[in-house]
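# Structural description and commentary
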Amino acid sequence: MFELDDNREALRQAAADFAREEMAPHAPRWDEEHIFPVETLRKAAALGFAGLFVREDMGGTGLSRFDGVLIFEELATACPSTAAYISIHNMVAWMIDCFGSEEQRRRWLPDLVTMRKFASYCLTEPGSGSDAASLRTTARQMGDSYVLDGSKAFISGGGASDVYLVMCRTGGEGAKGISAILVEKGTPGLSFGKQEKKMGWHSQPTSLVQFDGCRVPVANRLGAEGEGFRIAMQGLNGGRLNIAACSLGGARECFERARRYVRERRQFGRPIADFQATQFRLVDMATELEAARLLVWRAASQLDAGAADAPAWCAMAKRYATDVGFRVVDEALQLFGGYGYIRDYDIERYLRDLRVHRILEGTNEIMRVIAARRLLAEA
């Protein structure tokens, strides 16, 4: 458990090499100029990183969730924003592979695993965030089509993605009235709001996605009517692990930079690494990172095993790792002093990117609710 076997170490190293060679040299410019790095994403897909959890018969890599967290930690050392988009794309691809018919798998997955087409996950709405089951976007069946009306907020890839997996209401109130429907870019009635001006995550576009009489075939529905919320939540279990791993990767990179910096930075005639306050801060950062990684690994193992309590483990791992990740980056910035606040030193980019991890894929407050339900059910 604590030492990776040769296959997993090779996977981890492949992701680390890609992050170092293809992402890290460009990430500051992607952030500064708000560039969605399409060609780099397709290079990642060529290594299998766009279909990590998709079965091999559709060109996927067929990896475990444990394998996935190793990969996302490494990718995020270079650019947490881009790594997070790859996670979202993989979440949609996995849901199609897992819940789609054979015809749907053949139709959608070959373009997604190569990133010839990009995917977005559409759950959050302007009026329903943490209370996802109260969503208002509707899909009315008219013959062999659904007609969608409503809007989705804060959608990663909004306007740039080619495929949108939309959670919408086909039945009554509550979770059991929700279905999952795939909508292609270019469908009449599908439009996008302005690009959001965000604190971080500048390498991926984010916008409102609007449906106004948007007609799509019934054949685009994943699973049966009323199964959409269950599908969405199962997708989020894996997404939470991925975003936790992205926090680990970004924080680890900042920790390593801070560890090098305190050996070089001199004050009062000696390196600041000689001061006990600096040493204690570094030890606390390292300890929290190691603890968070072990929790993420345990949660991934539970999800791979199909354990009944896996959602609670994923929630705890997401909550803890994203809180720790942001805290470690903040501590690294403090060790850099004023230089940490300067863009040339790049620490502030990681701080801006990691802050949103405590909000998306379910806020960390909701992660506590999920974990508490399981804990109290066992009492």
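Here the structure is a predicted model, which is why all the values come from computation and not from measurement. (Residues numbered from 1 in each chain as written. Predicted model: local features only at pLDDT ≥ 70, side-chain atom pairs only at ≥ 80, totals over all residues. Heavy atoms only, no water.)

### Things to note about helix α11 (residues 364–377)
Our working definition: The helix count covers DSSP runs of H or I at least four residues long, the strand count covers runs of E at least two residues long, and both are numbered beginning at the N terminus. To estimate how far a helix should extend, the number of its residues minus one is multiplied by 1.5 Å. For each residue, the accessible area found with a 1.4 Å probe, counting protein chains only, is set against the maximum for its type, and the residue is called buried under 20%, exposed over 50%, and partly exposed in between. Read the arc as the range of directions from the helix axis to the C-beta atoms. The contact rule is simple, with two residues in contact once any of their heavy atoms fall within 4.5 Å.
For α11, built from 14 residues, the straight-helix expectation of 20 Å at 1.5 Å per residue is met to within 8% by its first-to-last C-alpha distance of 20 Å. When we look at burial in α11, the residues that qualify are N364, M367, I370 and A371. Seen from one end, α11 has its buried residues packed into an arc of 110°, which puts them on one side. Within α11, the exposed residues directed more than 90 degrees away from the buried face are E365, R373, L376 and A377. Each element contacted by the buried residues of α11 is listed here: α7 (228–264) and α9 (310–336).

### Observations regarding the nonpolar core
What counts here: By nonpolar core we mean a set of buried residues, namely Ala, Val, Leu, Ile, Met, Phe, Trp, Tyr and Cys, connected to one another through side-chain atoms within 4.5 Å.
Membership of the largest hydrophobic core comes to 102 residues, with the highest contact counts inside it found for L75, M95, Y121 and M167. At 16 residues, the largest contribution of residues to this core is made by α7. Aside from chain neighbours lying at most four places away, what touches L75 is A15, F18, A19, M23, F49, A83 and I86. Of all hydrophobic cores here, the second largest spans 16 residues; its members include A139, C168, V216 and V218.

### Overview of the state of the cysteines
Two cysteines joined by a covalent bond between their sulfur atoms form a disulfide. Cut-off, in case you're wondering: For the purposes of this analysis, a disulfide is any pair of cysteine sulfur atoms at a distance within 2.5 Å.
With the rule as written, the count across this model stands at 0 disulfides. C246 provides the cysteine sulfur closest to C79, a residue in no disulfide bond, and the two sulfurs are 9.7 Å apart. With no disulfide of its own, C254 lies closest to C79 among cysteine sulfurs, the gap being 12 Å. C254 sits in the buried class, given a relative accessible area of 0%.

### Topic: the packing of helix α4 (residues 65–76) against helix α8 (residues 276–304)
Here is the rule: To obtain an axis, a line is fitted to C-alpha atoms, over the contacting stretch when the element is a helix, and the angle between two such axes runs from 0 to 180 degrees between their N-to-C directions. Polar here means any residue other than Ala, Val, Leu, Ile, Met, Phe, Trp, Tyr, Cys and Pro, which are nonpolar, and Asp, Glu, Lys and Arg, which are charged; Gly is therefore polar.
Contact geometry for α4 and α8: axes closest at 8 Å, N-to-C directions at 145°. Contact residues: α4 offers R65, F66, V69, L70 and E73, while α8 offers R293, V296, W297, A300, S301, L303 and D304. Split into classes, the residues belonging to the contact of α4 with α8 amount to 7 nonpolar, 1 polar and 4 charged.

### What to know about the packing of aromatic side chains
The relative placement of two aromatic rings is captured by the distance of their centres and the angle of their planes. To keep things clear, this is the line we draw: Planes of paired rings set the category: under 30 degrees apart is stacked, over 60 is edge-to-face and the rest tilted, where pairs are Phe, Tyr or Trp rings (Trp by its six-membered ring) whose centres lie within 6.5 Å. As a reminder, the over-ring test applies to NZ of lysine and CZ of arginine, requiring each to be within 6 Å of the ring centre and within 35 degrees of the ring normal.
Tallying each qualifying case throughout the model produces 11 aromatic pairs. With a centroid separation of 5.1 Å and an interplanar angle of 40°, the aromatic rings of Y339 and Y345 are classed as tilted. Positioned above the aromatic ring of F53, the side-chain terminus of R65 is 3.9 Å from the ring centre.

### Quick word on the environment of Q104
Definition in use: Here a polar contact is recorded for every N or O atom pair within 3.5 Å, except that within protein the pair must consist of a potential hydrogen donor and a potential acceptor, and residues adjacent in sequence are included only if both atoms are side-chain atoms.
Counting through the fold element by element, Q104 comes out in helix α6 (residues 102–113). In this structure, the C-alpha to C-alpha distance between Q104 and R240, residues 136 residues apart in sequence, is 25 Å. Once residues within four sequence positions are removed from consideration, Q104 is found in contact with I96, L109, A219, N220, R221 and L222. Here the side chain of Q104 touches A219 through a polar contact of 2.8 Å, landing on its backbone oxygen.

### Here we look at the side chain of H357
On the secondary structure map, H357 appears in the loop between α10 (347–355) and α11. For H357, a relative accessible area of 0% puts it in the buried group. Within the structure, H357 has its side chain in polar contact with the side chain of W201 (distance 3.4 Å). Here the side chain of H357 touches S247 through a polar contact of 2.8 Å, side chain to side chain. Setting aside residues up to four positions removed in sequence, H357 forms contacts with P80, W201, I243, C246, S247, K318, T322 and N364.

### Looking at the side chain of R12
Looking at where R12 falls in the secondary structure, it is placed in helix α1 (residues 6–23). A distance of 3.2 Å separates polar atoms of two side chains, one belonging to R12 and the other to E74. R12 has contacts with L4, L70 and E74, leaving out every residue within four places of it along the chain.

### Quick look at the environment of E225
Along the chain, E225 turns up in the loop between β8 (221–222) and α7. For E225, a relative accessible area of 37% translates into the label partly exposed. Taking the C-alpha atoms as reference, E225 lies 70 Å from G269; in sequence the two are 44 residues apart. The contacts of E225, once residues within four sequence positions are left out, are Q141, Y146, T170 and S179. In this structure the side chain of E225 is engaged in a polar contact, spanning 2.5 Å, whose partner is the side chain of Y146.

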